[in-house]
Amino acid sequence: MIAAIIARLLAEVSAFKLVAGAAGFQRATENNPPATPAAYVFTVDEAGDTDTDLDDGEGQLVRVTLAIVLVVRNVADATGEAAETDMDALRGQVRAALLGWSGDPGHELLARRQSTLAAFRDGHMWWQETWTTAYYDEGA
């Protein structure tokens, strides 16, 4: 699913100069991204639904929480207002690309949950979007 989201963002959001997964995110947090605007996509957690009826043949419902961390850089002003304007535009493009979309027929459509400012340093604004989907794990 992560690879499908990365491909979708690269195809649908022309502003991105970099879209990567968890390993890229780790490197970027140590220094800042090598290019911006950037996005990092990774799974935050998966939780099996304990109320799922395993005898119905559908398997166990697994809810997936994904993070999409967006990074923009704009040093036009020290207040961060220019970076915030850039971020708002980028967030809108990401929502347009992903809301109600699924890159895998076995997964439910993506839904946006929570968004928060993660950091602002060195002219880089970091914004984390939390998205959810679900799938049925059929096991063995």
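Residues numbered from 1 in each chain as written. Predicted model: local features only at pLDDT ≥ 70, side-chain atom pairs only at ≥ 80, totals over all residues. Heavy atoms only, no water.

Draft legend 1. Spotlight on unusual backbone geometry. A cis geometry characterises the amide bond from Thr36 onward to Pro37, with omega recorded as 0°. The topology assignment puts Pro37 in the loop between helix 2 (22-31) and strand 2 (38-48). Within the chain, Asp122 stands out as a residue other than glycine whose phi angle is a positive 55°. (Helix = DSSP H or I, 4+ residues; strand = E, 2+ residues; numbered from the N terminus.)

Draft legend 2. Here's a closer look at the side chain of Thr130. Within the secondary structure layout, Thr130 lies in strand 5 (residues 124-137). For Thr130, a relative accessible area of 15% puts it in the buried group. (Buried < 20%, exposed > 50% of the residue type's maximum accessible area, 1.4 Å probe, protein only.)

Draft legend 3. Looking closely at the side chain of Glu129. Relative to the assigned elements, Glu129 resides in strand 5. Within the local environment of Glu129, its side chain forms a polar contact with the side chain of Arg91, the two groups lying 2.8 Å apart. Here the side chain of Glu129 touches Trp127 through a polar contact of 3.2 Å, side chain to side chain. If near-sequence neighbours (up to four positions away) are discounted, Glu129 is found in contact with Leu66, Ala67, Ile68, Leu70, Arg91, Arg112, Gln114 and Ser115. (Polar contact = N/O pair within 3.5 Å; in protein donor to acceptor, adjacent residues only side chain to side chain. Contact = heavy atoms within 4.5 Å.)

Draft legend 4. Representation of the nonpolar core in the model. Ile5, Leu9, Phe16, Ile68, Leu70 and Leu98 are the most contacted members of the largest nonpolar core, which has 26 residues in total. Those elements that provide at least two residues to this core are helix 1 (2-12), strand 2, strand 3 (60-73), helix 3 (81-98) and strand 5. Contact partners of Leu98, with chain neighbours within four places excluded, come to Ile5, Arg8, Leu9, Ile68, Leu110 and Trp131. Membership of the second largest hydrophobic core comes to nine residues, among which are Ala28, Phe42, Val69 and Trp126. (Core = buried A, V, L, I, M, F, W, Y, C linked by side-chain atoms within 4.5 Å.)

Draft legend 5. Structural context of the packing of helix 1 against helix 3. At a closest axis distance of 10 Å, the pairing of helix 1 and helix 3 adopts a crossing angle of 120°. If you check the angle between helix 1 and helix 3, you find them oblique. Remark: the crossing between helix 1 and helix 3 carries right-handed chirality. For the pair helix 1 and helix 3, contact is made by Ile5, Arg8, Leu9 and Glu12 and by Val94, Ala97 and Leu98, respectively. (Axes fitted to C-alpha atoms, helices over the stretch in contact; angles between N-to-C directions. Parallel < 35°, antiparallel > 145°, perpendicular 65-115°, else oblique. Left-handed = near helix turned anticlockwise from the far one by under 90°.)

Draft legend 6. The arrangement of the environment of Trp101 in detail. Here Trp101 lies in the loop between helix 3 and strand 4 (111-121). Here the alpha-carbon distance between Trp101 and Thr132, two residues 31 residues apart in the chain, equals 11 Å. Setting aside its immediate chain neighbours within four residues, Trp101 contacts Ala4, Ile5, Arg8, Leu109 and Leu110.

Draft legend 7. Spatial organisation of the packing of aromatic side chains. In this structure the tally under the stated criterion is three aromatic pairs. With 6.3 Å between their ring centres and 70° between their planes, Phe25 and Trp126 make a pair best called edge-to-face. With Phe25 in helix 2 and Trp126 in strand 5, this pair connects stretches of sequence that are 101 residues apart. Overall, Trp126 belongs to the buried group, its relative accessible area being 4%. Members of the aromatic cluster, joined through ring pairs, are Phe25, Tyr40, Phe42 and Trp126. (Phe/Tyr/Trp six-rings, centres within 6.5 Å; stacked < 30°, edge-to-face > 60°.)

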